[in-house]
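Descriptive analysis of the structure
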Amino acid sequence: MPETTQAASSTRHASFLSPLPLFFVLLWSSGFIVAKFGLPYAPPLTFLLLRFLGVLLFLVPTVLLLKAPWPHGKIGHIAVAGLLVQAGYLIGVWCAIKQGMPAGLSALIVGMQPILTAFAAPLIGEKVRPRQWLGLLFGIAGVGLVVAAKIQLVGLSPAAISLCLLALVSITTGTLYQKHHCPQFDLRVGTVIQFAASAVLILPLAIFFEGLGPDFAAVQWTPRFIGALLWSVLGLSIGAIFLLFALIRRNDATQVTSLMYLTPPTTAIMAWLMFGEAFNALGMAGMALAVMGVIFVVKKPK
């Protein structure tokens, strides 16, 4: 029996080390890069509205055709979670990048979500271990070093940093809300509900702040913009989310969640290769410290 258990564990571990998790990390990390590609051709709120509508365009026919089950009694909770996890998070990140926030730094700041979640864990009755509090301190110190380094390098505005912090708080609150009120629902239908609610929220914001009209005059429909939009819809809002749930079905949730913490360094490397973004010694030390802090938070005792 122990040998059978060990073999099963080995199989699961081998599956976890397959190319699928690596592909997920690359896919998820590319979201910050897509923002850099797409924002020169459209205002951030307008781009996100097109992204949300694109997701609905692909998924609504799928839900209707497959007759996916609707989550009766949970639609409102799923919508609220979507407003926080999708709309609030993406509005904060994309507007921050539009304000000049480097992609690598924005990924690092919002990548501290698990540390903030651990800090809020007592509010939902979860205990935080001493090692997790140590990781929390490491993470905060790491983010502080990286932010200080980037401010010295590119002169970031307080507005850009505030928007990124808003995104961090929004996705953390949304994750806790969804875990408490609607932890399980059909992924296809839930995604439709969340992006429909997000589109309803962002439409008046785009009209008020960006002067959005029926003709989408502010959008430059260049091949580069269309490519960024299609990748945002298919690769990120649909592909990355569905891939995440596929990994959860095959592996422990803790293992899968830990992949999220590879996003900041992966994004930083992508941004360095594609945009020439660079960290000085202080920034690289801060990134290492932040990643170490996250490891302390999420790693369970043996």
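Provided above is the structure to which this section pertains.
The text that follows walks through the structure, step by step, so that each part is easy to find. In this text, all values refer to a predicted model and were calculated from it rather than measured experimentally.

**Structural notes on the overall build of the protein chain**
Tallying secondary structure elements over the protein chain gives 13 helices and zero strands in all. Helices and strands appear in the protein chain in the N-to-C order α-α-α-α-α-α-α-α-α-α-α-α-α. For the protein chain, with 302 residues in total, the buried portion stands at 48%. Looking at the protein chain alone, contacts between residues at least 24 apart form 91% of all its contacts between residues at least 6 apart. Just so you have it, the protein chain exposes about 14800 Å², and 72% of that area is on carbon and sulfur atoms.

**Some thoughts on the nonpolar core**
Counting 75 residues, the largest nonpolar core has Y89, V93, W94, M101, V110 and F225 as its most contacted members. With near-sequence residues (within four places) excluded, M101 lies in contact with A96, S106, I109, L156, A160, I161 and C164. Judged by nonpolar contacts, the second largest core, of six residues, contains F24, V25, L27 and L244.

**A look at the pattern of salt bridges**
Under the definition given, this model contains one salt bridge. The salt bridge involving D186 is made with R188; its shortest N-O contact spans 2.7 Å. Overall, D186 belongs to the buried group, its relative accessible area being 19%. A relative accessible area of 24% means that R188 is categorised as partly exposed.

What counts and what doesn't
- Residues numbered from 1 in each chain as written.
- Predicted model: local features only at pLDDT ≥ 70, side-chain atom pairs only at ≥ 80, totals over all residues.
- Heavy atoms only, no water.
- Helix = DSSP H or I, 4+ residues; strand = E, 2+ residues; numbered from the N terminus.
- Buried < 20%, exposed > 50% of the residue type's maximum accessible area, 1.4 Å probe, protein only.
- Contact = heavy atoms within 4.5 Å.
- Areas by Shrake-Rupley, 256 points an atom, 1.4 Å probe, with all protein chains shown as cover.
- Core = buried A, V, L, I, M, F, W, Y, C linked by side-chain atoms within 4.5 Å.
- Salt bridge = Lys/Arg side-chain N within 4 Å of Asp/Glu carboxyl O.

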